[in-house]
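# Descriptive structure summary
Below are the chains, spelled out letter by letter.
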Amino acid sequence: MTLQRRILIFAVALAVLTTVGLLAVLRASSAAGQKDRTRADGPRTAPGDVSLAPDDGGRRIVFRNMAWGPHRDELTAVPADAPERARTASGVSCLRFHAAGGTGICLQADRSGVQDGYRAVVLDARLQEVAARPLAGIPTRARVSPGGRLAAWTVFVGGDSYAGTDFSTRTSVLDLRTGRFDASLEDFTIHKDGRPYRSSDVNFWGVTFADDERTFYATMATGGRTHLVRGDLAERTVTALRENVECPSLSPDGTRVVFKKRVAGLPAEAPWRLHVLDLASGAETPLAEERSVDDQAVWTDRGTVVYSLPGDFGADLYAVPADGSGAPARLMDSALAPAFLG
């Protein structure tokens, strides 16, 4: 093969690769542009005032809006008894969110530096930033204590899914009244099987608070198993209570947790079913939702839990009775990370 022919073949190959790359960029740009345009069949959304105050605006849902358009990813509110109504968008964008007691925690992208990152932002009742901390990884879980004093968040610092085993998490707790910051629950003393426990593979995620002072529940993973743990912020301890519990969420009366449980025989990429655990009796109740739920559910009241499932535009919200009866029902399209307030 002559040198001239080799140069020609190289030039043609380079042109083809350049064209393919350009088309990929154009397709990605077009897809991103589509998400910024409101769909005619999507929920109506308009800018307005959104409050996190318990007694301001009646019973409502504040959530991350996933609907395509200029308000995608913003904290948005709808009446709790009419979730199909027009949405009010706040202008504050979050990847993960939770609120209680007039306080919100917003895990968001941070593009202010040389390299993009993430940060945890504490919001007051009017969604004004009152504190912020950088995050060490990709946001995945967030919770606020019932009275709004404590905030917790979890990030992925390795891997990208709870479904496998190749991941690492970091869970932090911030006391908003004193400023005390526990950067990682891995620094706490662990009690398991009635004795102190140490292992290099311990991970925590999915905090849910029992009160505004010291008690919380969370997931601990170690040795290829997950455990429900009860934590004590004052003593800096966690105690393993039960195996095969992930992403617990405590009921309003503090007597039960809804959680996702790995069920034998299900696909490795979709292994979970929602269950409710009675903390006093230890009785477990499988819920009527038979799809795999990779979410930390929330309670709307003592009788109903809400969770997300993948949807056409990111995620949709569903509700199901907490006693195992009934059937799941779609609550809202194009929504994620709800907080029920008021």
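Starting afresh in each chain, residues are numbered from 1 along the sequence in its written order. Given that this is a predicted model, residues contribute local features only at a pLDDT of at least 70 and side-chain atom pairs are listed and counted only at 80 or more, while totals for whole chains, interfaces and linings are drawn from all residues. With hydrogens and water stripped out, all remaining heavy atoms of the structure feed into the side-chain values.

Named according to an unreviewed UniProt entry, the protein is TolB-like translocation protein originating from Streptomyces erythrochromogenes.

## Description of the overall build of the protein
Strands are runs of DSSP state E lasting at least two residues, helices are runs of H or I lasting at least four, and both sets are numbered from the N terminus onward. When its secondary structure is counted, the protein shows one helix and 27 strands. Residue exposure (1.4 Å probe, protein chains only): buried if accessible area is under 20% of the type maximum, exposed if over 50%, otherwise partly exposed. Scored against the burial criterion, the 342 residues of the protein give a buried share of 44%. Here, residues are in contact when the closest pair of their heavy atoms is within 4.5 Å. Looking at the protein alone, contacts between residues at least 24 apart form 43% of all its contacts between residues at least 6 apart. Total accessible area on the protein is roughly 16,700 Å²; 50% of this is exposed by carbon and sulfur atoms. Only the protein chains shown count as cover for residues, with accessible areas throughout obtained via the Shrake-Rupley method and a probe of 1.4 Å.

## Topic: empty space enclosed by the protein
Cavity means a closed set of points on a 1 Å grid over the protein atoms alone, one where a 1.4 Å probe fits but cannot get out, pocket means an open set with protein on both sides within 12 Å along at least 5 of 7 lines, and lining means a residue has an atom within 4 Å of a point. Grid points are joined across faces, edges and corners, and a volume is the space filled by probe spheres set on the points. Summed over the entire model, instances satisfying the criterion amount to one cavity of 30 Å³ or more. When its volume is computed, the largest cavity comes out at roughly 110 Å³. Of all the elements in the fold, those that place two or more residues in the lining of the largest cavity are strand E5 (96–100), strand E9 (138–144), strand E24 (304–309) and strand E27 (335–341). Considering each element in turn, the lining of the largest cavity owes the most residues, four residues, to E9. Each residue gets one label: Ala, Val, Leu, Ile, Met, Phe, Trp, Tyr, Cys and Pro are nonpolar, Asp, Glu, Lys and Arg are charged, and the others, such as Gly, are polar. For the lining of the largest cavity, the class distribution of residues is seven nonpolar, four polar and four charged.

## Things to note about the environment of Gly-137
Along the chain, the position of Gly-137 falls in the loop between strand E8 (129–134) and E9. Overall, Gly-137 belongs to the buried group, its relative accessible area being 10%. Sequence-wise, Gly-137 and Arg-170 are 33 residues apart; in three dimensions their C-alpha atoms are separated by 8.2 Å.

## Concerning the side chain of Gln-108
Within the fold, Gln-108 resides in strand E6 (residues 103–110). Given a relative accessible area of 14%, Gln-108 falls into the buried group. Pairs of N or O atoms are called polar contacts if they sit within 3.5 Å, as long as, within protein, a hydrogen donor faces a hydrogen acceptor (for residues adjacent in sequence, only side-chain-to-side-chain pairs). Separated by 2.9 Å, the side chain of Gln-108 and the backbone oxygen of Ser-93 make a polar contact. Residue contacts for Gln-108: discarding those within four places in its chain leaves Ser-93, Cys-94, Leu-95, Gly-117, Tyr-118, Arg-119 and Val-121.

## Here we look at the nonpolar core
Throughout, nonpolar core names a set of buried Ala, Val, Leu, Ile, Met, Phe, Trp, Tyr and Cys residues whose side chains join them through atoms within 4.5 Å. Of all hydrophobic cores here, the largest spans 19 residues; its most connected members are Leu-52, Val-62, Leu-75, Val-92, Phe-97, Leu-123 and Leu-127. Those elements that provide at least two residues to this core are strand E3 (74–79), E5, strand E7 (117–123) and E27. With four residues, E27 is the single largest residue contributor to this core. Once residues within four sequence positions are removed from consideration, Leu-52 is found in contact with Arg-60, Val-62, Phe-97, Ala-99, Gly-102, Thr-103, Gly-104, Leu-123, Asp-124, Ala-125, Leu-127 and Leu-341. Membership of the second largest hydrophobic core comes to 17 residues, among which are Phe-204, Phe-209, Met-220 and Leu-233.

## Structural notes on the side chain of Thr-222
Within the fold, Thr-222 resides in strand E16 (residues 215–222). Thr-222 has contacts with Tyr-197, Ser-199, Asp-201, Val-202 and His-227, leaving out every residue within four places of it along the chain.

## Considerations on the confidence of the model for the protein
Looking at the protein as a whole, the pLDDT averages 91, with 86% of positions reaching at least 70. Every residue is assigned a pLDDT by the predictor, reflecting its confidence on a scale from 0 to 100. With pLDDT under 50 throughout, residues 28–32 is counted as low confidence; its partners more than four residues away or in other chains account for zero contacts.

## Quick notes on the pattern of salt bridges
Think of a salt bridge as a Lys or Arg side-chain nitrogen and an Asp or Glu carboxyl oxygen that are within 4 Å of each other. Applying the stated rule across the entire model yields 22 salt bridges. With a shortest N-O distance of 2.3 Å, Asp-182 and Arg-236 are connected by a salt bridge. Of this pair, Asp-182 sits in strand E12 (residues 181–182) while Arg-236 sits in the loop between strand E17 (225–232) and strand E18 (237–243); the two residues are 54 residues apart in sequence, bridging distant segments of the chain. In this structure, the salt-bridge partner of Arg-330 is Asp-333, at a minimum N-O distance of 2.9 Å. Judged by relative accessible area, Arg-330 falls into the partly exposed class, the value being 48%. Taken together, the shared-partner salt bridges connect Arg-141, Lys-260 and Asp-294 into one network.

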